[in-house]
Amino acid sequence: MTESQKQQIISFRRQGIGYLKIAQELGISQNTVKSYCRRNNLTKPTEITEIPKQANETEHFCLQCGVAVPQDSKRKLKKFCSDQCRMKWWNSHRELVQHKKAAETECPNCHKRFAAVSGRKYCSHSCYIAHRFGGGDE
């Protein structure tokens, strides 16, 4: 998408023109227009007051609220402006959380099958004590 197309999208949205008409006028995909409008807060024509600034290559924004997040060049990139935004975003995007895989394991003491997340060998502490120190088999 060219800069002139971006400016035309902004002016069309200010006039209240919909995504489909803009896409047909500019000869680009309707989804491209929608994506551009969402990224630049152009979804509601009544709320558009000024032309959005071009994002600087080094400038990063909070995934939840869109506020600029200051970055430290010696650290990992921050994605959120605060813990509240981070928790709110992850709670609303639970499908993106990568959970640890639980392996089906058999307890060597009671031979019960259980889901072990981090290499657990026994199903409970009491089974560990019983198997390790011979508690109760005498």
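What counts, and at which threshold
Residues numbered from 1 in each chain as written. Predicted model: local features only at pLDDT ≥ 70, side-chain atom pairs only at ≥ 80, totals over all residues. Heavy atoms only, no water. Helix = DSSP H or I, 4+ residues; strand = E, 2+ residues; numbered from the N terminus. Buried < 20%, exposed > 50% of the residue type's maximum accessible area, 1.4 Å probe, protein only. Contact = heavy atoms within 4.5 Å. Core = buried A, V, L, I, M, F, W, Y, C linked by side-chain atoms within 4.5 Å. pLDDT = per-residue confidence, 0-100. Pairing = 2+ DSSP bridges. Phe/Tyr/Trp six-rings, centres within 6.5 Å; stacked < 30°, edge-to-face > 60°. Axes fitted to C-alpha atoms, helices over the stretch in contact; angles between N-to-C directions. Parallel < 35°, antiparallel > 145°, perpendicular 65-115°, else oblique.

Asks: Describe the overall build of the protein chain, and please don't skip the residues or the numbers.
Replies: The secondary structure content of the protein chain amounts to 5 helices and 4 strands. Shown N-terminal to C-terminal, the secondary structure of the protein chain runs as helices and strands in the order α-α-α-β-β-α-β-β-α. When each of the 138 residues of the protein chain is scored for burial, the buried share is 20%. Pairs at least 24 apart in sequence give 22% of the contacts found in the protein chain among residues at least 6 apart.

Asks: Describe the environment of Asn31, naming the residues involved and giving the relevant values.
Replies: Inspection of the secondary structure assignment puts Asn31 in helix 3 (residues 30–39). With a relative accessible area of 52%, Asn31 lands in the exposed category. Each C-alpha atom of the pair Asn31 and Leu20 lies 8.8 Å from the other, and the pair is 11 residues apart in sequence.

Asks: Got a sec to walk through the nonpolar core? Specific residues and values, please.
Replies: For soluble globular proteins, the rule of thumb is that nonpolar side chains tend to be buried together. With 11 residues, the main nonpolar core is built from Ile9, Ile10, Phe12, Tyr19, Ile22, Ala23, Leu26, Val33, Tyr36, Cys37 and Leu42. Secondary structure elements with two or more residues in this core: helix 1 (3–14), helix 2 (19–26) and helix 3. Among the nonpolar cores identified, the runner-up in size contains 6 residues, and Cys107, Ala116, Cys123 and Cys127 belong to it.

Asks: Mind laying out the confidence of the model for the protein chain, listing which residues take part and the relevant values?
Replies: Chain-level pLDDT for the protein chain is 82 on average; 87% of the residues reach the 70-or-more range. Confidence scores differ between elements of the protein chain, with strand 1 (residues 60–61) showing the lowest mean pLDDT of 86 and helix 5 (residues 125–133) the highest of 91.

Asks: Lay out the pairing of strand 3 (residues 103–106) in plain terms, naming residues and giving numbers.
Replies: Bridge count for strand 3 against strand 4 (residues 113–116) is 4 bridges, and the pairing is antiparallel. Paired with Ala103 across the bridge in strand 4 is Ala116. Linking two consecutive strands that pair antiparallel, namely strand 3 and strand 4, is a turn of 6 residues; a positive phi of about 60° is found at His111 within it.

Asks: Pulling in residues and values, what's your account of the packing of aromatic side chains?
Replies: Counted by the stated rule, this structure contains 4 aromatic pairs. Taking 5.7 Å as the distance between ring centres and 55° as the angle between the ring planes, the aromatic pair formed by Phe80 and Trp89 counts as tilted. Assessed through its relative accessible area of 12%, Phe80 is described here as buried. Between Tyr128 and Phe133 the ring centres are 6.3 Å apart and the planes differ by 80°, which places this aromatic pair in the edge-to-face class. Given a relative accessible area of 55%, Phe133 falls into the exposed group. Ring pairs connect the aromatic residues Phe80, Trp89 and Trp90, which therefore count as one cluster.

Asks: I'd like a description of the packing of helix 1 against helix 3, backed by residues and values.
Replies: One way to put it is that helix 1 packs onto helix 3 with a least axis distance of 11 Å and a crossing angle of 80°. As summarised for this structure, helix 1 and helix 3 are arranged roughly perpendicular, according to the angle between their axes. Note on element contacts: helix 3 touches helix 1 through Val33, Tyr36 and Cys37, opposite Lys6, Ile9, Ile10 and Arg13.

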